[in-house]
Every structure is written in structure tokens, then in C-alpha cells.
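# Structural features, examined
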Amino acid sequence: MDHSVRDLLTNLGGYDLCITEFLRVSNQQLLPPRTFYQLAPELDNKGLTPCGVPIRIQLLGSQPETLAMNAQRAIELGSHGIDLNLGCPAKTVNKSKGGAVLLKEPQLISNAVSAMREVVPLDKTLSVKIRLGWDDPSCVHEIVDAIVQAGADEITIHARTKEDGYKAEAIKWHYIAEARQKLVEQGKPLSIIANGEIWTKDDAIACRKVSNCDDIMIGRGALATPNLAAIVAGISEKMSWIDVVIMILDYRKVQVIGSKGHHYSSRVKQWLTQMRQAYPEANELFFPIRRIKTSEDMQQAIERYLDAKINNKLTQWQQLYS
Ligand SMILES: Cc1cc2nc3c(=O)[nH]c(=O)nc-3n(C[C@H](O)[C@H](O)[C@H](O)COP(=O)(O)O)c2cc1C
């Protein structure tokens, strides 16, 4: 989710915070400011999306010193705290000792978080994003312990192991409740945020109940139903499909800075694929436009679709694009 999507989604309400995509740091390299600005142009706006929701930069890596120096830079540039990614399951990322592979090494986690804590001021949140473990969910306790001892303020728990991948049936929110309970018993009140498989308001209610967490994080569900956060917060009903299409057209105006000619077109296709879960009409729009390449053609096709949909002329539109 890049800054343009953050802009659109936060504008629909219900969000308290956005975490950026991860920034990979390695080889003792302090990344130049422009890399941070590319990832998070919000830094030019006091670290806030245009409608005022704070953003936090996420780092991915395993070298404590490298993580610390880049964390310090992100804070200096205006990030609202720092998040460390220990959940990414991608092979290429894990091979270079980043993301979920660190879940196997609580001592390394502890070293990394401690080094970051030394440079992240106490009034800025240091958070860590984890899965329950590599292949054994009961490892979550040792992992959480290492993070707490090292001085982090928040942990977001994606309630699956790395080996579970994204299997819906593998979600285990109750492990989050257990981890939270242990912290309470140890007198270590630390913010825990529950994550995974929240697609609807009912899912959010169930997740909160089972995980015993008030705070939740949504990922894919936020793309499938653009105003999901506002629905969960009780401030909106689900957007109509027509409003979603209008939003997709608005997305053309807030594209990534310096993006190439086909960027909008490929993003729309990706996004419609995500939306199928929540809006069956996404298929109706997707199939006829799936071969369109340029952003101009894509915009025109969607404008015509919107017009046809509103005026009950869908068959003519489909003939035009078949
Ligand atoms: C395409 C994709 C990219 C992701 N990128 C990140 C990332 O950069 N950092 C991160 O912490 N999690 C990332 N995640 C994981 C999500 O943050 C989230 O933990 C996961 O999708 C489960 O939550 P959900 O069911 O609400 O999507 C990504 C997930 C997907 C599907």
C-alpha cells in the first residue's frame, strides 16, 4: 500500500495510524533521505496523510546497527515512530536474513530491538510486527518476551506462523489473547494489536473478542472494502459499488510521483482483483478492461463503464471492450 492508496483510504475515515511498506536495510548502509521520502512522501507533511492520519515507517533487516541508524534517520525526518518487520514470509527476503526468518532467533530480535530503542526517543513509538512463530505458534511467548525485554512499545501480531502462509483456516487469534494475558500477569502492560483475516465488521468483532485486543490492524481487507476501517469504527455503511468506481477514478489523480505511463492501469487491475472478495461487480469491470495497458485508455474505459452502469447501458459498454 503506497502513499496514494493511504491518501484515498484514510480519507474515508476510521484509521488511527498507517504503517508504510517495508524499507529493506542491510550492509551497514544508511539510506539517503530521498529513499525515505519516496516511500513516504507524507514526511513532507509532518508525517501525516493529507487528511491528518500519522504514518510510521517500517524497516526490514537483521543487523542491529544498520536498523538503528536508519531508524534514527526516519525519526529525524518525521516518521511517527518506527516499526520493525518480523513477519514477511517471502523467500528472497528470508534468505537475506530479513522478515519472518528472525522469528527463529529471539536473541537476534532482542539485539535488534534494543539497538533501535537506544536511538528511538521514548516519546516515539517503537513497534514490532510479528507472526506467531516460524512453524510453531507456541513460540509466540518467547518472541514477545524478547521484544518486551528489549524495550519496544507495541507489538502487532499476525495470528499465523510463517509456515501457515496466508491460509484462512490457519488463523489463530486465541494465541494473541494468551500472549497478552502473560504480559498482564508479568505486570508488563504493552500494547498488542491483533491482525489477520479481518474482512468485515463481524470479523473485527470476532477478532477483538477472541484475541482480547481492542486495537486491530487490517491489511488486505482494506483494499477489498475501501472504507472497512470506517465500517468497523461504526461511522459508515459499506460503500456502494458506484462510489468505489468513482474512488478508483480519483486514484488516477493521486498516482505515485514519477510513475511510468502504465502504472495506473496495472494498479487498477491489481486492486480490482482484491476487490472481488467484497464486490462481485469487480469482475464485471475487470474482464473487459484486463488487456488495457495505458493509463489514459484505462481511465477512459472506467469513465465509460461508470456512465454505462448509471444509465443501464452495460451491454453496449461490454461490446465496446470485448
Ligand atoms: C501483498 C502483501 C504485501 C504485504 N506487505 C507487508 C509489509 O510490507 N509489511 C508488513 O508488515 N506486512 C505486510 N503484509 C502482511 C499484512 O500486513 C498482514 O499482516 C497480512 O496480510 C494479514 O492481515 P490481513 O488478513 O488483514 O491482510 C503484506 C501482505 C500482502 C498480502
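What you are looking at is a predicted structure, and each value in this text was computed from that prediction instead of being measured.

## Details of the overall build of the chain
- In terms of regular secondary structure, the chain is built from 15 helices and seven strands.
- Relative to its length of 322 residues, the chain is compact, with a C-alpha radius of gyration of 21 Å against a globular reference of 20 Å.
- Principal axes of the C-alpha set define a box for the chain whose edges measure 65 × 45 × 35 Å.
- Taking all 322 residues of the chain together, 42% fall into the buried category.
- When contacts within the chain are restricted to residue pairs at least 6 apart in sequence, those whose partners lie at least 24 apart make up 67%.

## Topic: the domain arrangement of the chain
- Domain parsing of the chain yields domain 1 (3-232) and domain 2 (241-320).
- Taking only C-alpha atoms, the centre of domain 1 and the centre of domain 2 are 31 Å apart.
- In this assembly, ten residues from domain 1 lie in contact with 13 residues from domain 2.
- Where the side of domain 1 that touches domain 2 is concerned, the elements lending two or more residues are helix 1 (3-10) and helix 9 (220-224).
- A breakdown of the residues in the side of domain 1 that touches domain 2 according to their chemical character gives six nonpolar, two polar and two charged.

## Regarding the environment of D202
- Within the secondary structure, D202 is located in helix 8 (residues 201-211).
- In this structure the C-alpha to C-alpha distance between D202 and V232, which are 30 residues apart in sequence, comes to 8.4 Å.

## Examining unusual backbone geometry
- With a phi angle near 60°, N212 is a residue other than glycine that sits in the positive phi range.
- Looking at where N212 falls in the secondary structure, it is placed in the loop between helix 8 and strand 7 (216-217).

## Digging into the sheet that holds strand 7
- Sheet architecture is open: seven strands sit in the order 1-2-3-4-5-6-7, paired in parallel fashion. Each edge of the open sheet carries a strand with a single partner, namely strand 1 (18-24) and strand 7.
- Two elements, strand 6 (residues 191-195) and strand 7, share two bridges in a ladder whose sense is parallel. Note on strand 7: the bridge partner recorded for A194 is I216.
- Sheet strands touched by helix 5 (residues 106-119): strand 3 (82-86) and strand 4 (126-131). Its angle to strand 3, the strand with the most contacts, is close to 170°.

## A few points about the site of the ligand
- Near the ligand you find 15 residues, and of these F22, K129, H158, G219 and R220 are the closest.
- Listing elements by their share of the shell around the ligand, those giving two or more residues are strand 1 and helix 9.
- Residue classes in the shell around the ligand are distributed as three nonpolar, eight polar and four charged.

## Remarks on the pairing of strand 2 (residues 55-60)
- With six of six residues buried, strand 2 is to be regarded as a mostly interior element.
- By the alternation rule, side chains of strand 2 split into I55, I57 and L59 and R56, Q58 and L60, which are all buried.
- As paired strands, strand 1 and strand 2 are joined by five bridges and run parallel to one another. Bridged to I19 within strand 2 is R56.
- Between the parallel pair strand 1 and strand 2, the chain is carried across by helix 2 (residues 33-39), and the sense of this crossover is right-handed.
- Two strands pair when backbone bridges link them, and strand 2 and strand 3 are joined in this way by three bridges, in the parallel orientation. Note that in strand 3 the partner of I57 across the bridge is I82.
- Between the parallel elements strand 2 and strand 3, the chain passes through helix 3 (residues 64-76) in a crossover that is right-handed.

## Examining the packing of helix 12 (residues 263-275) against helix 14 (residues 295-310)
- As a packed pair, helix 12 and helix 14 sit with axes 7 Å apart at the nearest point and diverge in direction by 50°. Relative to helix 14, the element helix 12 lies oblique. Contact residues: helix 12 offers H263, Y264, S265 and V268, while helix 14 offers S295, M298 and Q299.
- Of the residues that constitute the contact of helix 12 with helix 14, the class distribution is three nonpolar, four polar and no charged.

## Things to note about the nonpolar core
- In terms of nonpolar packing, the biggest core is built from 88 residues, with I82, M116, I147 and I157 touching the most fellow members.
- Top element by residues in this core is helix 6 (residues 140-149). It accounts for six residues.
- Taken together, domain 1 (3-232) and domain 2 (241-320) each give at least three residues to this core, which thus spans both.

## Some words on the environment of E163
- With respect to the helices, strands and loops of the structure, E163 is situated in the loop between strand 5 (154-158) and helix 7 (174-185).
- By C-beta crowding, E163 is classed as partly exposed, having 15 other C-beta atoms within 10 Å.
- For the pair E163 and G133, spaced 30 residues apart in the sequence, the C-alpha separation amounts to 8.6 Å.

Thresholds applied
- Residues numbered from 1 in each chain as written.
- Predicted model: local features only at pLDDT ≥ 70, side-chain atom pairs only at ≥ 80, totals over all residues.
- Helix = DSSP H or I, 4+ residues; strand = E, 2+ residues; numbered from the N terminus.
- Rg over C-alpha atoms; globule rule 2.2 N^0.38 Å.
- Buried ≥ 20, exposed ≤ 12 C-beta atoms within 10 Å, placed from the backbone.
- Contact = placed C-beta atoms within 7 Å.
- Domains from an automatic or database assignment.
- Nonpolar A, V, L, I, M, F, W, Y, C, P; charged D, E, K, R; others polar.
- Pairing = 2+ DSSP bridges.
- Axes fitted to C-alpha atoms, helices over the stretch in contact; angles between N-to-C directions.
- Near = placed C-beta within 6 Å.
- Right-handed = clockwise from strand over helix to strand, strands pointing away.
- Parallel < 35°, antiparallel > 145°, perpendicular 65-115°, else oblique.
- Core = buried A, V, L, I, M, F, W, Y, C linked by C-beta atoms within 7 Å.

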